[in-house]
Amino acid sequence: MGFFTGLKQTLKAKFEYWLIKRIPKNSTQTLSGRNIFIFPSKFGFAYLFFVLLLFILGTNYQNNLIILLSYLLASVFMTAMLQSYRNLSNLTLSAKTNTLRGFAETSLDIPISLETNKERMAYQLFFQSKVVPSENIIKQNDFLSKETCLIPIKLEKRGLFSLPRLILQSYYGLGLFRCWTSVDLNISVLIYPKPERPPQINIDQLLSNNRDVNSDDLSNETLTIKSGADEFNELIPYKQGESLAKVAWKQVARGQGWYTKNYDSVENNTPNWLTLDALPKAPIEQQLRWLSYLIVELQKREQVFGLLLHTKTIAPDKGISHSHLCLKEIALYG
Amino acid sequence: MDDTIEIAAKKQQVQWSLAKNTQFLLMITLALNCLLLILELSSWLIAFIVISVLWQSCIYFKVISQPNKLIKMLVSISGLILLALSAKGLGLLNSMVHLLVFSYLLKPLEIHAQKDFYIQVLLGIFVLVTSLVFIQSLYFMLLILLVLVTNFMLLMSAFKQTESYKTLAKQVSKTLVKSLPLALILFIGFPKIAPFWQMPSAKNAEVGLSDEVKVGDIANLALSNKLAFRVEFEQAPPNYQQMYWRTLVLEDFDGSKWYQQKKNHRSWQRQPKREEAELSLISGLSTLPTVSYQIIAEPSYQKWLFALNVMTDASSEQQKLNKNVNLTLSAEKILNSVTSYQVTSALTNQVNTPLSSEVRSRNLAVSVTNNQQLVAEGKRLRELYSDDLNLVNAVLSRFNQQNYHYTLNPPLLSNNNLAEFYFDTKAGFCEHYASSFTYLMRSAGIPARMVLGYMGGEYNERGNYFSIYQRDAHAWSEVWIKGLGWQRIDPTAAVSPERVERGFSQSLQQEQSLLSSDFLSSFNTSLWFSQLRYMLEAIDYQWTKWVVGYSINDQINVIKHIYLFFAEYKSFLATLSLLLIFLVVIFIVLRIKHKKSQHSQTALLLYQLMSLATKVGVVKNRSMTIDQFALKFIEKKPTFKLAIVRFVDGYKKLQYQALSSEEKKKELTNLKHLYQQLRQQIKHEI
């Protein structure tokens, strides 16, 4: 068994390699003999068997008309092959944009533009992958000229994800053949962590109280940019609903209980700093999800915020492009 | 990869249902496919088809919903019971056809997935093709092709749901027409194979002559306008009067019926070894003129074949042929499809062979129970004429001179009494005359026998062949006369000479059409109709000869002819192909040149520019790229910057980018224009 699965895998790898060489990545691909595959479908094989049966029937009865008809059906098979090839050839597939983004565990419509000079019949589009399940788009009607198809895929893990090969297949031409292509349109999707509401954090309070994040430890090397309000003089017991940014995490970590740092001076126009350390202890992925949520929320409220990560800092700003920048950082974090 | 496809397929199945268009086509094809087989189906199955189509249409128009499982089960069980009950009478082939049609009818109730739909389509085509086992005429084939179009329309409608029937039909016809050439090439060239195994044959009512003849039987045949066989002579055809197509020789008579061989003559257990005709015993055979001809016999579901006397050689590719001892021809197996065979005959109306005593006594036997008056008449004649030939002529002249007449509608004879006909009614057709004549000869001591066959034939000028119809069925007699051998005597000729000279006379034709109640035969008299009929029949003949009867030999011949054609016009074809190759080469060269010329034109422009550039002191080294050249140029003459940059851009575009031919043209003119500008500028500078 092991041998066979091994063989299967090597064959698969070989095939993948061959496919990459034969149909290299390109954001625009025109279908031709080079990248169209064609093979009889199950029905095609059944049909051939049936034609053979007719031939035997005709031969056994020495009935020329039945033999003639079986030849006719056999040549219809050949004609159908050409037809199904022609149905797809010269169709141009292209990626509308090469940079797409979305949140993990949501569905994203990938826009693919199809350009053609003639009618195309009954074909399906989907991405070939086990990792990213995609839905079939079935185009039943013919179309002319240019059209954009939206192929929904399910996004899973955060990070930069290059989409698998796009399959365009058609059984058109009497269903005797499966005619397909498998092209890599060089599309990648930036998948942001799934926004998850952090527990015990009230966004409104965070906004009203927190102007002074990440000042709990002076020795922390991440504190490259310090706001003016970095000195606290006492710890007061944490109350439910208070800003997490003010929680004295060190004390929490030491098991001394939950305390809030009390600052002397609070400047209201200081930006919000989002940082991993300000979040409750949890696996990094979880923390990133919380961060994602916070970024989305802050963006919604049109707040000025900055991002502080161990590896990178993004200066406080606001607006959509800023939040995308922040989300990109956390998507690619680590 | 496969997993996703499967998932996709599963998803599809869940939502799968037939479109309205497809449902309608399904119903229509079901009805049409079954309709073509209707002649072979039992009445209960026909009722089933009607009910099934009605049911489907009710479902289609949403009068009723899909039946539940119980009803489906009841229907299938009742159908199977009916099938089992009728299987015995139907024979193996027809039962199988019934089963096929029955399952084809029930399948539409069970279409839940694409797979079921495909099965339904294949079953439909199978049902359609099966009907060709029974009928093979050209017009039927055309009908089959038409119905095949609807079958493929059904299949295609699953992929083009919104299409109108007209466009569907158009596309399917296109596909079929495109497929025809390959099919024909395969048909002509693909080796024909002998049957792999024995198939059950169709069980049909026998057509034509039978080997037991009661007086009056042939009259029924005479009313039939059905084709029996067609003949094409290789040389000039013989006279009409010589076209006696011998089929059966009847030697035993029991008083009312003629038989080939009475059943009690031989025991059932001991099958007689088939005796071959011994041609070597016939004297003077080699001096006779011979004719060769091809006969294409329609399926008669009997074994008898047709040949002119004396048949010397016969062969067929489809069957083994038996030359019987009394010089008739029969097939090894029942003729259930169109059968063609080649015969060579030495034309004569007498066969000089010695008569064995056994045969002699058989051909002299008269039944004692019946027709005593004829026996007495025979004896009386014997006394009058000692010479056999004189006796024969005496009887023939009696037929001719007394008021005997030829009619297809004779008065009924009590108990088939030949004497009654001979002495009293004196009205009858070939069988009456032949039968009473033979009997009379036997009574007079001359060995005589009945021969059944066909007489004459209708010549089709367009096709250069003769059609022999069932109405041409004929009976005559053969008497053995010492020194001459078996002599053909046709008593009918004595009564109604035109019957054996030209076929049916006008009055007989009228009588025939009146009796046969065949309304078409009344048209036969009008000229244009007969012209049209001849033409259609000639087409059908060619079809039967070349397509239905296309044999291995034909295949070899056709291929040989094609080869010979090529061999004969070798030099011509060789020059033609050389010319073609030459033209193709020129075409390719021109195309390449054209492509190159565009390249070289751009190169030329660059070269010209470079030579101009030397005038202003810019020299391009070999190692320089065009960009470096441009930079150098600009360094030297900054005022040219824009023009140079544009020129280089255009040059690069033309040289390195994949452009369509139109774009290329545009770019090239653009480049030329730029070059002209530069030249002017440089000239101005100088």
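Residues numbered from 1 in each chain as written. Chains lettered and ligands numbered in written order. Predicted model: local features only at pLDDT ≥ 70, side-chain atom pairs only at ≥ 80, totals over all residues. Heavy atoms only, no water.

**Points about the overall build of chain B**
A count of helical and extended segments in chain B gives 22 helices and 18 strands. Of the contacts formed within chain B by residues at least 6 apart in sequence, a portion of 73% connects residues at least 24 apart. Summed over its atoms, the accessible surface of chain B is roughly 35,900 Å², and 60% of this surface lies on carbon and sulfur atoms. (Helix = DSSP H or I, 4+ residues; strand = E, 2+ residues; numbered from the N terminus. Contact = heavy atoms within 4.5 Å. Areas by Shrake-Rupley, 256 points an atom, 1.4 Å probe, with all protein chains shown as cover.)

**Topic: the interface of chain B and chain A**
On the side of chain A, 49 residues touch chain B, which itself brings 53 residues to the contact. Carbon and sulfur atoms supply 73% of the area buried between chain B and chain A, which totals about 4,900 Å² over both sides. The tally of links from chain B across to chain A stands at 10 residue pairs in polar contact (both at pLDDT 80 or more). Broken down by secondary-structure element, the contributors of at least two residues to the side of chain B that touches chain A are α1 (2-15), α5 (114-130), α6 (138-157), α7 (165-189) and α17 (527-548) of chain B. Sorting elements by how many residues they give to the side of chain B that touches chain A places α7 of chain B first, with 11 residues. Its residues assigned to classes, the side of chain B that touches chain A shows 38 nonpolar, 9 polar and 6 charged. (Buried area = accessible area lost by both parts, 1.4 Å probe. Polar contact = N/O pair within 3.5 Å; in protein donor to acceptor, adjacent residues only side chain to side chain. Nonpolar A, V, L, I, M, F, W, Y, C, P; charged D, E, K, R; others polar.)

**A short note on the UniProt feature "transmembrane region" (unreviewed entry) in chain B**
Residue and element names in this part refer to chain B. Under the UniProt annotation, "transmembrane region" (unreviewed entry) lies at residues 24-55, 75-105, 117-135, 141-159 and 572-590. Annotation note: span residues 117-135, helix share 74%, strand share 0%, distance between end C-alpha atoms 28 Å. Summarising residues 141-159: 89% helix, 0% strand, and an end-to-end C-alpha distance of 28 Å. (UniProt positions renumbered as here; feature names shortened; annotations may be inferred.)

**Some remarks on the confidence of the model for chain B**
Regions with low pLDDT carry predicted coordinates that are not meant to be interpreted in detail. All names here are of chain B. When pLDDT is averaged across chain B, the result is 82; 89% of the residues are at 70 or more. Here residues 1-14 is modelled with pLDDT under 50, and outside its nearest four sequence neighbours on either side it reaches 13 contacts, counting other chains as well. A low-confidence stretch, residues 264-272 stays under pLDDT 50, and its non-local contacts, those more than four residues away or across chains, total 7 contacts. (pLDDT = per-residue confidence, 0-100.)

**Let's talk about the packing of helix α6 (residues 284-300) of chain A against helix α7 (residues 320-331) of chain A**
Residue and element names in this part refer to chain A. Two elements in contact, α6 and α7, have axes whose closest approach is 10 Å; the angle formed by their N-to-C orientations is 180 degrees. Looking at the two axes, α6 sits roughly antiparallel to α7. Counted together, Leu-288, Leu-291, Ser-292, Ile-295 and Gln-299 of α6 and Ile-320, Ser-323, Cys-326, Leu-327 and Ile-330 of α7 form the full contact between these two elements. For the contact of α6 with α7, the residue count by class is 7 nonpolar, 3 polar and no charged. (Axes fitted to C-alpha atoms, helices over the stretch in contact; angles between N-to-C directions. Parallel < 35°, antiparallel > 145°, perpendicular 65-115°, else oblique.)

**Re helix α20 (residues 626-636) of chain B**
Residues and elements named next belong to chain B. Residues of α20 that are buried: Ile-626, Phe-629, Ala-630, Phe-633 and Ile-634. For α20, the arc enclosing every buried residue in end-on projection is 135 degrees, short of the 170-degree limit, so these residues lie on one face. For α20, the exposed residues set more than 90 degrees away from the buried face come down to Leu-631 and Glu-635. (Buried < 20%, exposed > 50% of the residue type's maximum accessible area, 1.4 Å probe, protein only. Arc of directions from axis to C-beta.)

**Notes on the environment of Ile-295 of chain A**
Residues and elements named next belong to chain A. You can see Ile-295 is positioned in helix α6. Overall, Ile-295 belongs to the buried group, its relative accessible area being 0%. In sequence terms Ile-295 and Leu-327 are 32 residues apart; their C-alpha atoms lie 7.3 Å from each other. In this structure Ile-295 touches Leu-274, Phe-305, Ser-323, Cys-326, Leu-327 and Ile-330, once residues within four positions along its chain are discounted.

**Some remarks on the UniProt feature "transmembrane region" (unreviewed entry) in chain A**
Sites flagged by UniProt as "transmembrane region" (unreviewed entry) map to residues 36-58 and 65-85 of chain A. Its end C-alpha atoms 36 Å apart, residues 36-58 of chain A is made of 74% helix and 17% strand.

**Focus on unusual backbone geometry**
Residue and element names in this part refer to chain B. Residue Asn-309 is joined to Val-310 through a cis peptide bond whose omega torsion reads -10 degrees. You can see Val-310 is positioned in the loop between β6 (290-297) and β7 (311-315). Even without glycine at this site, Lys-426 takes up a positive phi of about 55 degrees.

**Details of the sheet that holds strand β3 (residues 244-250) of chain B**
All names here are of chain B. Pairing within the open sheet is antiparallel, and its 5 strands lie in the order β3-β14-β17-β18-β11. What marks the edges here is a single partner per strand, and that holds for β3 and β11 (350-351). Pairing between strand β14 (residues 448-455) and strand β17 (residues 473-481): 7 bridges, direction antiparallel. Bridge pairing in β17 links Gly-453 to His-474. Across the sheet, helix α13 (residues 430-443) is in contact with β14, β17 and β18 (485-489); its angle to β17 comes to roughly 15 degrees. (Pairing = 2+ DSSP bridges.)

**Examining the environment of Asn-403 of chain B**
All names here are of chain B. Looking at the element boundaries, Asn-403 is found in the loop between α11 (388-401) and β12 (405-406). Overall, Asn-403 belongs to the exposed group, its relative accessible area being 60%. Along the primary structure Asn-403 and Ala-427 are separated by 24 residues, whereas in three dimensions their C-alpha atoms are 8.6 Å apart.

**Observations concerning a nonpolar patch on the surface**
On the surface, a cluster of nonpolar side chains totalling about 820 Å² of accessible area is made up of Leu-180, Leu-184, Ile-188, Ile-562, Phe-565, Phe-566, Tyr-569, Phe-572 and Leu-576 of chain B. Tracing the sequence through the fold places Phe-565 of chain B in helix α18 (residues 552-568). (Patch = residues over 30% accessible without salt bridge, like charges linked within 9 Å, V, L, I, M, F, W, Y side chains within 5 Å. Salt bridge = Lys/Arg side-chain N within 4 Å of Asp/Glu carboxyl O.)

**Points about the sheet that holds β7 of chain B**
Residue and element names in this part refer to chain B. Strand order in the open sheet formed by 6 strands is β7-β10-β6-β2-β16-β15, and the pairing between neighbours is antiparallel. Two strands close off the open sheet at either side, each with one partner strand: β7 and β15 (458-460). Shown here is a sheet whose adjacent strand axes are inclined to one another by a mean of 25 degrees, direction ignored. As paired strands, strand β2 (residues 227-233) and β6 are joined by 5 bridges and run antiparallel to one another. In the strand pairing of β6, Phe-233 is matched with Tyr-293. In the packing of α17 onto the sheet, the strands contacted are β2, β6, β15 and β16 (465-469), and the crossing angle to β15 comes to about 85 degrees.

**Comments concerning the nonpolar core**
Of all hydrophobic cores here, the largest spans 94 residues; its most connected members are Tyr-47 and Leu-73 of chain A together with Val-101, Phe-117 and Phe-152 of chain B. Examining the composition of this core, we find that 12 residues originate from one element, α6 of chain B, more than from any other. Once you skip the residues sitting within four places of it in the chain, Tyr-47 of chain A turns out to touch Leu-73, Val-76, Phe-77 and Leu-176 of chain A together with Leu-122 and Phe-152 of chain B. By size, the runner-up hydrophobic cluster in this structure holds 80 residues, among which are Val-215, Leu-396, Tyr-439 and Val-495 of chain B. (Core = buried A, V, L, I, M, F, W, Y, C linked by side-chain atoms within 4.5 Å.)

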